[in-house]
Amino acid sequence: MSFTIEDLIRIAREEIGNPRLTLREDMSADDVAEWDSLNHTIITMAIASEYGVEVTPRQLGAAQTFGELIALVNQAIDAR
Amino acid sequence: MSPFTLERGEFAFWTGDGHAELTREGFWSLASAYLDHVEADPRIGRFGLIVARTSPDMMALFVAMIAAGRAVSFFPPSSSRQDAEAYLEQQREAVLKIDPSSILLLEGGEGALQGIDPRLAERLVSLPTYSAGHLPAAAGERARMRFEAALQREDTLFWQHSSGTTGIKKAVGVTGPALRRQYESYWPLVEGDLGGQSIRVASWLPLYHDMGLLAGFLLPLLGGSPLALMDPFDWVDAPQRYLEMIEAERSSVCWMPNFAFRHYTRLRRVVGPRKLESMRLWISCSEPCRYPDALSFEAAYRDMGVAAGSVVGCYAMAETVFAASQLEAGDQRALVVPRGLEPGASVLDAGAFETRARELDVPADRQAVLSSGAPIPGIEAMIFVGGRAVAGEGIYGEIGLSGGFVFDGYRGLGRAESGLTPEGVYMTGDLGVVLNGRLYVFGRRKEIIIVNGRNLYAGDVEERVGAAKGVRPGRAVAFGIENPALGTEELIVVAESDPAAGLDAAAVRAGIVAAVSDAFLVKPHDVRLIDGRWLVKTTSGKISRDRNRTKYLRDFRSDLA
C-alpha cells in the first residue's frame, strides 16, 4: 500500500468539502486557501485513520511541499 | 466571610503526550515562589505582560503579580508553525501599543523575543520555572492571602485585550470588584445548571482571550472548581486528546467557540470512542451560536454520552469581564430568522419563529441562531435602533449592555470613544433581538469579521493588504462571508493590483496571504486581484465594504448563490 497525490487530493476534497480542489506535489499548504490549521488537523487524522499510521499534524506540518508530505506518510506506512 | 474558595480544587495539565496533576496547595506554593521573585526583582514594574504557553508556572505568575499589587496581562506566544521573524514583526506593534513595564518570559521563552525591538528588549525579564512538587506547601498561604486581599483593589488587576491576536488591540482593565461581581453572578448560575453535579472545567482555550482567562482559569480558581487544561496549540494538533481529557477528568462543563463544535462534528469519523456523559454543559460562546452546529455536534457524539440539549449559548465579552447572558440548561432553543434584516425590523413580522426542534431544515435565505439566554444577574440588555432604546421585544437592533461589571472604557480612550453612552450603556456593536426574555445574537457592525473565534477589524486587514507588494495602496477591501460548512466566517480579500510592481498575480496573491496570515494568524479564504474599475465606492468616494461584498458574491461565488 502506498500513499499518492491522488489519495491526498481525494481526502483533502472530502474533508475540506471542495470537490474541485486541485493539488500538486510541488505545492504547499500556503498555496491552498482552505488548508488552514484546522483542516490540516482533520486531513492528518483522516490519513492516519485510513492508512493505519501514526502521523501527527505537527509532523506533516513540517513538510515544505505536498510531495514531502506524501513521502512522510509513505515512510509511516513502511514503518508499520 | 470570603465569597471565594481559593484553597480547593485540583489542576490537571494535559499535553500531547502526558499529563500532570497539581493540587491547589501546590499551585499556591508555586504562586508564592513567584511572588517572592516579583517582589525582589527591581526590573519587574507596575504592569507585566506574560508571554508563555499554558502551564502551571504562567498561571501562578499571573496571580503572583496581582498578589504583589501589580497589573498583569497574558500575550499570545509564537506557535511552532509560525516563523519567528514574522511573529516578532506581528507582535512588535501590538506590544509597543500595550506598553508594559516588563515583558515576563518563563525559562526559554526569551529566545523568540530578544530581537523584538530595542525599545522593548530592555523590558524583557526571564523568570525561572519551578518544580511545584519541591516547594514547601506552607509557603502557599502567603500568596493566597495576598491574592484574596488584592481582589478588593479598585485599580486594575489585569488587562484583557479584546481583539484576540490582531495587531491592533483594545485593552479592557478588570478591577477586583468587577471580577467579584462577575463571579458572584455567573458561577452560581453555572453550578445551578449542573443540577447538583459539581463544576469540573475542561478547557483548551488560550488564556490571552477572555473566555479562556475567565472560564478556563480565574472563575474556577475563585470557586475552588477542579480545572483540566490543554494548551490551544496542543489542541489544534490533537483535538481528540481533549475528549480523552474530559473522560479521564470527569469534566462537567466547557466553553468553546462555535467553530469548535463544527470542527468536532467533522472529526467524528476519525475520533476514537470516548465516554463523555460526565459533561453536562457544552457552552457555545465567543462567536454567533449556530443552532445546526449544536444539533449536529450532539447527534455526532450521542453515542459517547453527549446529551441532547446540552449545548447552550452564552454571550460574553471582555467589556463585561466575561459572561453577559447564558441560556439555561434544559432550555435549548433557536430563532429561525431571515437573513439580511435591517436594524429596526420586527423579526416576527419578517417571519422569524422560535423552535426547539431536534431536526431542522433551514432554507438558504434564513439562519437558525441558538439562543444566548437571559442576561445574568447584574446585567441589563437593551436593543437600540438609531441610538435610541427600543421598548418591548422582537425588534432587531444593536445590543446595549449596562450593569455592575460593565467596563469604564478602553485603556487610553474616553468613555464615548469606547462605545459607552452618557447613561453608562456599552454599545456592543453586536446586533440581535430579545424574545421572551432571551437574547439572540446574529449580526454585527460590518467592520468586524470573526474567523474561528478571532475578531478581525476589516480596516486592520485592509491596511496590511494595502501595504503588500503589488497592491495599490488604499485599494483593498476585506469582509467576511459565513461558511456553513465550517460554522464560522471566511475572510475574503479583494485588492487592486499594481502592474508597475512587476510581480505576477500568483506572487502578489502569495504576498497578501503571507502578510495577513502573519499579522492576524488567520489565512484569507480567498484573495481576488482586480483591476482599477472593479471596486465599488460610496458617493463620498470611500470604498464600500458592503457593496463590494455583494459584488464579490455575484461575480465570484456562484457556489453560494
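Scroll up to find the structure this text is about.
Presented here is an overview of the structure given in this document. Note that the coordinates shown come from a computational prediction; the quantities given were computed from them, not determined experimentally.

Cut-offs and rules
- Residues numbered from 1 in each chain as written.
- Chains lettered and ligands numbered in written order.
- Predicted model: local features only at pLDDT ≥ 70, side-chain atom pairs only at ≥ 80, totals over all residues.
- Helix = DSSP H or I, 4+ residues; strand = E, 2+ residues; numbered from the N terminus.
- Rg over C-alpha atoms; globule rule 2.2 N^0.38 Å.
- Buried ≥ 20, exposed ≤ 12 C-beta atoms within 10 Å, placed from the backbone.
- Contact = placed C-beta atoms within 7 Å.
- Expected span 1.5 Å × (residues − 1).
- Arc of directions from axis to C-beta.
- Pairing = 2+ DSSP bridges.
- Axes fitted to C-alpha atoms, helices over the stretch in contact; angles between N-to-C directions.

## Some remarks on the overall build of chain B
Thought 1: Assigned secondary structure in chain B consists of 14 helices and 28 strands.
Thought 2: For 561 residues, the compact-globule estimate of 2.2 N^0.38 gives 24 Å, and the C-alpha radius of gyration of chain B, at 23 Å, lies within 12% of that figure.
Thought 3: Projected onto its principal axes, the C-alpha positions of chain B cover 70 × 55 × 55 Å.
Thought 4: Looking at the 561 residues of chain B, the share that counts as buried comes to 52%.
Thought 5: Contacts in chain B between residues at least 24 apart in sequence constitute 71% of all its contacts with a sequence separation of at least 6.

## Observations regarding the overall build of chain A
Thought 1: Within chain A, the regular secondary structure consists of 4 helices and 0 strands.
Thought 2: Rg of the C-alpha trace for chain A: 11 Å, near the compact-globule value of 12 Å for 80 residues, within the 12% margin.
Thought 3: Principal-axis analysis of the C-alpha atoms gives chain A an extent of 30 × 20 × 20 Å.
Thought 4: With 80 residues in all, chain A has 30% of them scored as buried.
Thought 5: Of all intrachain contacts in chain A linking residues separated by at least 6 positions in sequence, the fraction that spans at least 24 positions is 51%.

## A short note on helix α1 (residues 5-16) of chain A
Residues and elements named next belong to chain A.
Thought 1: Taking 1.5 Å as the rise per residue, α1 with 12 residues should run 16 Å; its terminal C-alpha atoms sit 16 Å apart, in good agreement.
Thought 2: Taken residue by residue, α1 has Ala 12, Glu 15 and Ile 16 as its buried positions. All buried residues of α1 fall inside an arc of 85 degrees around its axis, so they share one side.
Thought 3: A positive backbone phi angle near 85 degrees is found at Gly 17, which sits one or two residues after α1.

## Some words on the sheet that holds strand β27 (residues 488-497) of chain B
All names here are of chain B.
Thought 1: Ordered by their spatial adjacency, 3 strands build an open sheet running β26-β27-β28, and the pairing between neighbours is mixed. Of all the strands in the sheet, just β26 (471-483) and β28 (526-530) have a single pairing partner and so form its edges. In this sheet, adjacent strand axes meet at a mean angle of 20 degrees when their direction is disregarded.
Thought 2: For β27 and β28, the ladder comprises 5 bridges, and the chain directions are parallel.

## Digging into helix α14 (residues 545-556) of chain B
Residues and elements named next belong to chain B.
Thought 1: For α14, with 12 residues, the first-to-last C-alpha span of 16 Å sits near the 16 Å given by 1.5 Å per residue.
Thought 2: For α14, every residue scored as buried is listed here: Arg 545, Asn 548, Arg 549 and Tyr 552. Projected down its long axis, α14 carries its buried residues within an arc of 105 degrees, all on one side. Along α14, the residues that are exposed and aim more than 90 degrees away from the buried face are Asp 546 and Arg 554.
Thought 3: Buried-residue contacts for α14 involve α12 (458-466), β26, β27 and β28.

Keep in mind these numbers describe shape, not what the thing actually does.
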